[in-house]
Amino acid sequence: MSALLVTDLHTHSTASDGTDRPAELVAKAAAAGIDVLAITDHDTTGGWAEALEHRPPALTVITGAEFSCVYVDDERRISLHLLGYLFDPDDANLQAERARLRDDRRGRAHLMVDNMVADGLPISWEQVSALAAGGAVGRPHLARALVTAGVVPDIDSAFRDVLSSRGGYYVRKSDTDVFAAIAMLRAAGGLPVFAHPLARRRGPVVSDAVVARMAAAGLVGLEVEHPDQDPADRAQAAGLARDLGLIGTGSSDYHGTNKTTGLAACTTAPAALEALLALPAALRPVGPLDPDGRPR
Ligand code: AMP
Ligand code: FE
Ligand code: FE
Ligand code: ZN
């Protein structure tokens, strides 16, 4: 396989909290020299059709989504994200769960707006809802509303000073138990990969023992190269992947102008892509790459 294949396995569009339409996302990916791009909006497949319809001929698209999950034990509740690739979008259980998560996102964002409005912050649900444009609503939409209203100078300050999970306006989402999510994804023919497993700056992370349990439950990979993981975290994730027989992936987690990270800021090695695509899944990548991950 070509050593030059550039693969980015985690990106967001306007179907969730990215700022590029799916058509723009695939165009920008091709222009940025990406060969293989996964579209992984939060809790939705809503961007797939447009991305595939506007796919530049040289680009391979892997359909996916990022699922908001939670790990719960006696003492703690840790939120974590699961990327699911190439699952059957019509699988009834997974489809119902995505709808539940999106409804919960709307209700929760509305409550957060209510909390902020009650405190005199000049934003509105109408404004936030318009920013989300019918897609999965997330805190980045609240952040943009706060920047537009002049409450904070930029998105980063919005997260730090207003929207933090430790702040007074925060409302928790009702996420999927991570073991249930892994089982649901596998049952739908999907390939679950643990997104940014050691991104400590986002909050508490799960222990190696929990990752081992996730692997036993059907997880196939760990996101090793990710902008929110520093070199020590990446080394630990790579070691864990090796020990547990998981595929180590890399990706940008691009969100357009909602984040400063560019497309392909981190990438997946060709051998890891080949290993991922060698696994049986409900769908195959769309585009010039062979189904086994080799260029035609
Ligand atoms: P939510 O899923 O609604 O709780 O919002 C979390 C989303 O906000 C994730 O997609 C993150 O990528 C994004 N996010 C978290 N912190 C920041 C930040 N400082 N700047 C921009 N986006 C962020
Ligand atoms: Fe996001
Ligand atoms: Fe994530
Ligand atoms: Zn993401």
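In this text, all values refer to a predicted model and were calculated from it rather than measured experimentally. (Residues numbered from 1 in each chain as written. Chains lettered and ligands numbered in written order. Predicted model: local features only at pLDDT ≥ 70, side-chain atom pairs only at ≥ 80, totals over all residues. Heavy atoms only, no water.)

Chemist: Is there a simple way to think about the coordination of the zinc ion (ligand 4) in this case?
Modeler: Metal coordination angles in their ideal form are 109.5 degrees for the four-donor tetrahedron and 90 or 180 degrees for the six-donor octahedron. Coordination of the zinc ion (ligand 4) by the protein is provided by His10 (NE2), His12 (NE2), Glu66 (OE) and Asp253 (OD), with metal-donor distances spanning 2.1 to 2.3 Å. Classification of the site at the zinc ion (ligand 4) rests on its 4 donor atoms, whose angles at the metal span 77 to 171°, yielding the label irregular. The sequence pattern formed by the donor residues of the zinc ion (ligand 4) is H-x1-H-x53-E-x186-D. (Donors = N, O, S within 2.8 Å, 3.2 Å for Na, K, Ca; no water. Tetrahedral: all angles 85-135°; square planar, octahedral: opposite > 155°, others 65-115°.)

Chemist: I would appreciate a short explanation of the coordination of the iron ion (ligand 3) in the present structure.
Modeler: The coordination sphere of the iron ion (ligand 3) contains the protein donors Glu66 (OE), His81 (ND1) and His196 (NE2), at a distance range of 2.0 to 2.2 Å. All donors of the iron ion (ligand 3) belong to a single chain; written as a sequence motif, their spacing is E-x14-H-x114-H. Here the iron ion (ligand 2) and the iron ion (ligand 3) are spaced 5.7 Å from one another. Of this pair, glutamate 66 sits in strand 3 (residues 60-72) while histidine 81 sits in strand 4 (residues 77-85), and the two are 15 residues apart along the sequence. (Helix = DSSP H or I, 4+ residues; strand = E, 2+ residues; numbered from the N terminus.)

Chemist: Explanation requested: the site of ligand 1 in the structure shown.
Modeler: What surrounds ligand 1 is a group of 15 residues, the closest being His42, Arg108, Arg139, Asp156 and Lys259. Aspartate 156 places a side-chain nitrogen or oxygen 2.9 Å from a nitrogen atom of ligand 1. When the free accessible area of ligand 1 is taken as 500 Å², the share hidden by the protein chains comes to 86%. Going through the elements one at a time, helix 3 (92-118), helix 5 (139-148) and helix 6 (155-162) are the ones with two or more residues in the shell around ligand 1. The class makeup of the residues in the shell around ligand 1 is 3 nonpolar, 4 polar and 8 charged. (Near = heavy atom within 4 Å. Polar contact = N/O pair within 3.5 Å; in protein donor to acceptor, adjacent residues only side chain to side chain. Areas by Shrake-Rupley, 256 points an atom, 1.4 Å probe, with all protein chains shown as cover. Nonpolar A, V, L, I, M, F, W, Y, C, P; charged D, E, K, R; others polar.)

Chemist: In this structure, what is going on with the nonpolar core? I would like to understand it.
Modeler: Across soluble globular proteins, nonpolar side chains show a tendency to be buried alongside one another. Judged by nonpolar contacts, the single largest core of 40 residues is most densely connected at Phe67, Leu82, Val178 and Met214. By residue number, the principal contributor to this core is helix 7 (residues 178-187), which donates 6 residues. Setting aside anything within four residues of it in sequence, one finds phenylalanine 67 in contact with Asp43, Leu80, His81, Leu82, Gly84, Phe87, Leu94, Arg98, Leu101 and Leu185. Counting 21 residues, the second-largest nonpolar core is a separate cluster that includes Ala109, Leu121, Val128 and Val137. (Core = buried A, V, L, I, M, F, W, Y, C linked by side-chain atoms within 4.5 Å. Buried < 20%, exposed > 50% of the residue type's maximum accessible area, 1.4 Å probe, protein only. Contact = heavy atoms within 4.5 Å.)

Chemist: Looking at this structure, how should I read the layout of surface pockets?
Modeler: Remark: the empty space left among the atoms is shown by a probe the size of a water molecule rolled over them. Looking at the largest pocket, its volume works out to about 1600 Å³. For the largest pocket, the lining is made up of 48 residues, of which Arg139, Phe159, Arg201, Arg202 and Gly203 are closest to its centre. Elements with a minimum of two residues in the lining of the largest pocket: strand 3, strand 4, helix 3, helix 5, helix 6 and strand 6 (191-195). The leading source of residues in the lining of the largest pocket is strand 4, at 5 residues. Residues that form the lining of the largest pocket fall into these classes: 16 nonpolar, 15 polar and 17 charged. (1 Å grid on protein atoms, 1.4 Å probe; cavity = no way out; pocket = protein on both sides within 12 Å on 5 of 7 lines; lining within 4 Å. Points joined across faces, edges and corners; volume = space filled by probe spheres on them.)

Chemist: Explain the packing of helix 3 against helix 5 here, please?
Modeler: Between two packed helices, both the angle of their axes relative to each other and the distance between the axes serve to describe the pair. Between helix 3 and helix 5, whose axes approach to 10 Å, the crossing angle comes to 30°. Taken together, helix 3 and helix 5 sit at an angle that is classed as roughly parallel. With respect to the hand of their crossing, helix 3 and helix 5 are arranged in right-handed fashion. Between helix 3, through Arg108, Ala109, Met112, Val113 and Met116, and helix 5, the contact on the second element is made entirely by Arg139, Leu142 and Leu146. In the contact of helix 3 with helix 5, the residues fall into 6 nonpolar, no polar and 2 charged. (Axes fitted to C-alpha atoms, helices over the stretch in contact; angles between N-to-C directions. Parallel < 35°, antiparallel > 145°, perpendicular 65-115°, else oblique. Left-handed = near helix turned anticlockwise from the far one by under 90°.)

Chemist: So what exactly am I meant to see when it comes to the pattern of salt bridges here?
Modeler: Think of it this way: side chains of opposite charge can pair up when their charged atoms draw near. For the coordinates displayed, the defined rule picks out 12 salt bridges. Residues aspartate 161 and arginine 160 are paired through a salt bridge, measuring 3.2 Å at the closest nitrogen-oxygen approach. The partner of arginine 202 in a salt bridge is aspartate 253, and the shortest N-O contact between them spans 3.2 Å. With a gap of 51 residues between them, arginine 202 in the loop between strand 6 and helix 8 (208-216) and aspartate 253 in the loop between strand 8 (247-250) and helix 10 (270-277) connect regions that are remote in the sequence. Among the charged side chains, a salt-bridge network with shared partners connects Arg201, Arg202, Asp228, Asp253 and Lys259. (Salt bridge = Lys/Arg side-chain N within 4 Å of Asp/Glu carboxyl O.)

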